[in-house]
Amino acid sequence: MEYLHRVLYPLTKNPDFKMHSKCGKLGIIEVSFAEDFLLFSRGDATSIDLLMRAFGEFSRSTGLSVNPAKCNAYYGNVDAHSQLQIQNITTFAEGCLPFRYLGIPLKSKRLSNHHCLILVEKLVSRIKHWSSRLLSFAGRHQLINSVLFAITNFWMQSLLIPKQVLKKVEAICRSFLWSRKEIITRKSPVAWERVCTPKNHGGLNIINLKIWNKVTMCKLLLNLCRKSDSLWIRWVHSYYAKGIDIMEVPIKQSCSWTLKVVLSCRDDIKDSQVWDNMLRDVKYNSRAMYGELNDSSQQVVAWRKVLFHNMARPRAMHILWRACHNSLTTNERLCRFGMLANMECYFVVLLRLCSIFSLSVILRN
């Protein structure tokens, strides 16, 4: 792909070639990753013809040709006549946004809920696997914290997931944790907000996806502040920042929806000591930022040391944790919900029946 860049670079000096309106300052014509690449140009027949001729030279030199069945052309504010001319030159079918690149949907506008359904489908497919149904409570807890969170985190590193999608993802994880199924149910002996709190506060330390999405957006904001050597960061500084400090750049109507979300995170980390320390550090500390954005007003539970470094089996730890939250299905709770007529223990009733039976046997003898 380095040779492709050298073949396309002379087009930036050609006066007949018109570059894309948002790519001219940095001279961006192609963005490539492995064997996939994106080509950018002004939507006129002359520029497209020059672009395809340069790519034809690349194909003759390397033997790598384009498969028109796997390529699409995306237009923005291009009239129908120009689109027809471009289609005759490229033989590419017209594509529609969003399209997926590296598994993530790309779109110029804000992603809607149905665009993120593929994320929900991936989570459900992992839960539907036969081996997931055989997991214990501790195993399901570990699966949520590792596999399911990793799938969601891959999307969060690049874009802001809609709140309704996050609610559905949390509902799927909640139902899988308590009922072993992907079907969303209301069964939750302990509130999900409590489950997502740290262990010191009585939770299971499951990541809160809404807060974590803000953490990933703050990471992008920190990269913009540091002016890292990235094409996207240089593009933002060229077209939007224009020499102004990122923390002072106004949010304009012309900004993309992703950039608006990233810049809006400045209100969450304003006057934050953790953020000031990260500006001086080399790496971004996601754990420290998550603790900063998380609600720290909750009190530390008194029974936290009972669960730490406890060598009991996971099932006993689960029962102990629920007992500390008073969420076990005891007779008192069952009577409160109208599921039992009295609060008498079944073990005591069984002992009485056994004593009556033994007394009747003695009287018969």
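About the cut-offs
- Residues numbered from 1 in each chain as written.
- Predicted model: local features only at pLDDT ≥ 70, side-chain atom pairs only at ≥ 80, totals over all residues.
- Heavy atoms only, no water.
- Helix = DSSP H or I, 4+ residues; strand = E, 2+ residues; numbered from the N terminus.
- Buried < 20%, exposed > 50% of the residue type's maximum accessible area, 1.4 Å probe, protein only.
- Contact = heavy atoms within 4.5 Å.
- Areas by Shrake-Rupley, 256 points an atom, 1.4 Å probe, with all protein chains shown as cover.
- 1 Å grid on protein atoms, 1.4 Å probe; cavity = no way out; pocket = protein on both sides within 12 Å on 5 of 7 lines; lining within 4 Å.
- Points joined across faces, edges and corners; volume = space filled by probe spheres on them.
- Phe/Tyr/Trp six-rings, centres within 6.5 Å; stacked < 30°, edge-to-face > 60°.
- Polar contact = N/O pair within 3.5 Å; in protein donor to acceptor, adjacent residues only side chain to side chain.
- Core = buried A, V, L, I, M, F, W, Y, C linked by side-chain atoms within 4.5 Å.
- pLDDT = per-residue confidence, 0-100.
- Axes fitted to C-alpha atoms, helices over the stretch in contact; angles between N-to-C directions.
- Parallel < 35°, antiparallel > 145°, perpendicular 65-115°, else oblique.
- Left-handed = near helix turned anticlockwise from the far one by under 90°.
- Pairing = 2+ DSSP bridges.

Quick look at the overall build of the chain now. When you go through the chain residue by residue, the secondary structure sums to 16 helices and 6 strands. Split into buried and exposed, the 365 residues of the chain put 36% on the buried side. Summarising the internal contacts of the chain: among those between residues at least 6 apart in sequence, 58% fall at separations of at least 24. As displayed, the chain offers around 22700 Å² of accessible surface, 54% of which is attributable to carbon and sulfur atoms.

The gaps left among the atoms become clear once a water-sized probe is rolled over them. In the structure shown here, the tally under the stated rule is 1 cavity of 30 Å³ or more. The volume enclosed by the largest cavity comes to roughly 100 Å³. Forming the boundary of the largest cavity are 13 residues, of which Ile144, Phe149, Cys173, Ile207 and Leu209 lie nearest the centre. Broken down by secondary-structure element, the contributors of at least two residues to the lining of the largest cavity are α5 (137-156) and α6 (163-179). It is α5 that provides the largest number of residues to the lining of the largest cavity, a total of 5 residues.

Our focus in this paragraph is the environment of Glu292. Residue placement: Glu292 occurs in helix α12 (residues 286-293). Taking the relative accessible area as the measure of exposure, Glu292 reaches 37% and is therefore partly exposed. Placed 77 residues apart in sequence, Glu292 and Val215 show a C-alpha to C-alpha distance of 9.5 Å. Those residues within four positions of Glu292 in sequence are excluded, and the remaining contacts are Ser272 and Val274.

This next bit is on the packing of aromatic side chains. Applying the stated criterion to the full structure yields 10 aromatic pairs. Note on Phe149 and Trp212: the rings are 5.5 Å apart at their centroids and 70° apart in plane angle, and the pair reads as edge-to-face. Taken together, the positions of Phe149 in helix α5 and Trp212 in helix α8 (residues 209-226) put the pair 63 residues apart, joining distant regions of the chain. A relative accessible area of 16% means that Phe149 is categorised as buried. On the basis of relative accessibility, which here comes to 12%, the residue Trp212 falls in the buried class.

Among the structural elements, Ser47 can be located in helix α2 (residues 45-62). Of the residues examined, Ser47 reaches a relative accessible area of 0% and is grouped as buried. Only 2.9 Å separates the side chain of Ser47 from the backbone nitrogen of Lys18, close enough to count as a polar contact. Excluding residues within four positions of it along the chain, Ser47 makes contact with Asp16, Phe17, Lys18, Ser41 and Arg42.

Okay, the nonpolar core next. Membership of the largest hydrophobic core comes to 71 residues, with the highest contact counts inside it found for Val195, Met289 and Trp321. When residues of this core are assigned to their parent elements, the largest contribution, 10 residues, is made by α8. For Met289, the contacting residues outside a window of four places in its chain are Val215, Cys218, Ile269, Val274, Trp275, Met278 and Tyr284. Membership of the second largest hydrophobic core comes to 12 residues, among which are Leu4, Met19, Ile29 and Leu50.

What follows covers the confidence of the model for the chain. The predicted model of the chain averages 82 in pLDDT, with 90% of residues at 70 or higher. Least confident of the elements in the chain is helix α16 (residues 346-364), whose mean pLDDT is 45; most confident is helix α3 (residues 80-90), at 91. The model gives residues 346-353 a pLDDT under 50, and that stretch makes 4 contacts with residues more than four places away or in other chains. Here residues 355-363 scores under 50 on pLDDT; set against residues more than four positions off or in separate chains, the count is 0 contacts.

What follows concerns the environment of Val147. Along the chain, the position of Val147 falls in helix α5. Along the chain, Val147 and Leu123 lie 24 residues apart, while their C-alpha atoms are 8.9 Å from each other.

At their nearest, the axes of α5 and α6 sit 9 Å apart, and the two run at 165° to each other. Here α5 lies roughly antiparallel to α6, going by the angle between them. Taken as a pair, α5 and α6 cross one another with a handedness that is right-handed. Between α5 and α6, the residues in contact are Phe137, Arg140, His141, Leu143, Ile144, Leu148, Thr152 and Met156 and Leu166, Val169, Cys173, Phe176, Leu177 and Trp178, respectively.

Residues in a regular strand project their side chains so that they alternate between the two faces of the sheet. Note that strand β1 (residues 30-33) and strand β2 (residues 36-39) share 4 bridges and pair antiparallel. Counterpart to Phe33 in the pairing with β2 is Asp36. Taken together, β1 and the strand that follows it, β2, pair antiparallel across an intervening segment of 2 residues, in which Ala34 is found at a positive phi of about 55°.

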